[in-house]
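# Observations on chain architecture
Here is how the chains run, residue by residue.
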Amino acid sequence: VFTNIQILVVAVGAIVFIALWALVSRTQIGRAMRAVSVDMTASRLMGIDVDRIIAITFILGSGLAALGGIMYSLAYPVIETNMGSMVGWKAFCAAVIGGIGSIEGSVVGALILGVVEIMVPFLLSSQLRDGIVFGLLIVMLIFKPMGLFGMNKTEKV
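Here's a quick rundown of the structure.

So, how was this worked out
Position numbers for residues start from 1 in each chain and track the written sequence from start to end. Per-residue local features are limited, in this predicted model, to residues with pLDDT of at least 70; the limit for side-chain atom pairs, both in listing and counting, is 80 or more; totals at the level of whole chains, interfaces and linings are taken over all residues. Excluded from the side-chain calculations are hydrogens and water; all other atoms, namely the structure's heavy atoms, are used. Patch criteria: residues need more than 30% relative accessible area and no salt bridge. Like-charged residues are merged within 9 Å; nonpolar side chains of Val, Leu, Ile, Met, Phe, Trp and Tyr are merged within 5 Å. The protein chains shown are the only cover counted for residues, whose accessible areas, like all others here, come from Shrake-Rupley with a 1.4 Å probe. Salt bridges are defined by distance alone: a side-chain nitrogen of Lys or Arg within 4 Å of a carboxyl oxygen of Asp or Glu. Numbering of helices and strands starts at the N terminus; helices are DSSP runs of H or I of at least 4 residues and strands are runs of E of at least 2. Under the scheme applied here, a residue whose accessible area is under 20% of the maximum for its type counts as buried, over 50% as exposed, and between as partly exposed, the area being computed with a 1.4 Å probe on protein chains only. Comment: axis = line fitted to C-alpha atoms, over the contacting stretch for helices; angle = value between 0 and 180 degrees taken between N-to-C directions. If you view the pair so one helix is near and one far, a crossing is left-handed when the near helix is turned anticlockwise from the far one by less than a right angle, and right-handed when it is turned clockwise. We call two residues contacting when some pair of their heavy atoms lies within 4.5 Å. Residues were grouped as follows: Ala, Val, Leu, Ile, Met, Phe, Trp, Tyr, Cys and Pro as nonpolar; Asp, Glu, Lys and Arg as charged; and all remaining residues, including Gly, as polar. Orientation labels follow simple angle bins: below 35 degrees gives roughly parallel, above 145 gives roughly antiparallel, 65 to 115 gives roughly perpendicular, and whatever is left gives oblique. In this text, buried Ala, Val, Leu, Ile, Met, Phe, Trp, Tyr and Cys residues form a nonpolar core when linked through side-chain atoms within 4.5 Å. Expected span, for any helix, means 1.5 Å times one less than how many residues it has. As used here, the arc belongs to the directions running from the helix axis to the C-beta atoms.

Let us look at a nonpolar patch on the surface. Together, Val 115, Ile 118, Met 119, Phe 122, Leu 123, Leu 124 and Leu 128 give the surface a local cluster of nonpolar side chains, amounting to about 770 Å² of exposed area. One can find Met 119 in helix α6 (residues 103-123). A residue is classified by how much of its surface remains accessible, and Met 119, at 38% relative accessible area, is partly exposed.

Right, dumping it as structure tokens:
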């Protein structure tokens, strides 16, 4: 059984994913963001206002975090002082599992963690859910440290 709020959260998440993917991969600002993330000095030399792009990136990230907080508070209407700490840790795990720097990888990592979190109480115990999620992160860091969609970056010295 799905509630209206659960459907809303999934729909908003899908819309935000598509909009963020389109922004980063299809616009001039997204191209500048990718350039600044690769080489800040070369980006300045190419005429990109690096400080402006960094500010836009932080504004975008803060806005998405606020939207995530709103969606979380709609789904779980309880206010506590540490209500977002575990969500933040699991979002970090999803990003690492999917591959830092890959929007698609973060979504796939979140879906994998969601499936694991739902299946663990059915197969084992609900008390093991968080431990297994963080254990999955450790296993992923051991065997594929760049994540599922991450790419190895070689750096010349």
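Having seen the structure, we can now continue with the description.
Here we come to the packing of α6 against helix α7 (residues 129-143). Two elements in contact, α6 and α7, have axes separated by 9 Å at closest approach and are oriented at 145°. In the packing of α6 onto α7, the handedness of the crossing is right-handed. Here α6 contributes Ile 112, Leu 113, Val 116, Glu 117, Val 120 and Pro 121 to the contact with α7, which in turn contributes Arg 129, Asp 130, Ile 132, Val 133 and Leu 136. Of the residues belonging to the contact of α6 with α7, the class tally is 8 nonpolar, no polar and 3 charged.

With that settled, consider the packing of helix α1 (residues 4-26) against α6. Contact geometry for α1 and α6: axes closest at 10 Å, N-to-C directions at 160°. The angle between α1 and α6 falls in the class roughly antiparallel. Residues Phe 17, Leu 20, Trp 21 and Val 24 of α1 form the contact with α6, whose participating residues are Ile 103, Glu 104 and Val 107. When the residues that make up the contact of α1 with α6 are grouped by side-chain class, the tally is 6 nonpolar, no polar and 1 charged.

With that out of the way, let us pick up the environment of Val 12. By secondary structure assignment, the location of Val 12 is in helix α1. Sequence separation between Val 12 and Met 71 is 59 residues, and the spatial gap between their C-alpha atoms is 8.5 Å. Not counting residues up to four positions away in its chain, the partners in contact with Val 12 are Leu 67 and Met 71.

This part is about the nonpolar core. Counting residues in each nonpolar core, the largest one holds 8 residues, listed as Cys 93, Ala 94, Val 96, Ile 97, Leu 113, Val 133, Leu 137 and Met 140. Elements represented by at least two residues in this core include exactly α5 (85-98) and α7. Sort the elements by how many residues they give to this core and α5 lands first, with 4 residues. Other than its neighbours up to four places away in sequence, Met 140 contacts Ile 97, Pro 145 and Leu 148.

Inspection of the entire model under this criterion finds 3 salt bridges. Among the salt bridges present, the one from Asp 130 reaches Lys 90, with a minimum N-O distance of 2.5 Å. Residue Asp 130 is found in helix α7, and its partner Lys 90 is found in helix α5; the two are separated by 40 residues along the sequence. A residue is classified by how much of its surface remains accessible, and Asp 130, at 27% relative accessible area, is partly exposed. When salt bridges with common partners are traced through the structure, they connect Lys 90, Glu 117 and Asp 130 into a single cluster.

Another aspect to go through is α6. The end-to-end C-alpha separation of α6 is 30 Å, in line with the 30 Å expected for 21 residues at 1.5 Å each. Residues of α6 that are buried include every one of Gly 105, Gly 109, Leu 113 and Val 120, and no others. The arc enclosing the buried residues of α6, seen along the axis, measures out at 70°, which places them on a common side. Residues of α6 that are exposed and point over 90 degrees away from its buried face: Leu 111, Val 115, Ile 118 and Phe 122. Where α6 is buried, its residues contact α5 and α7.

Read these as layout, nothing more, since geometry by itself doesn't imply function.
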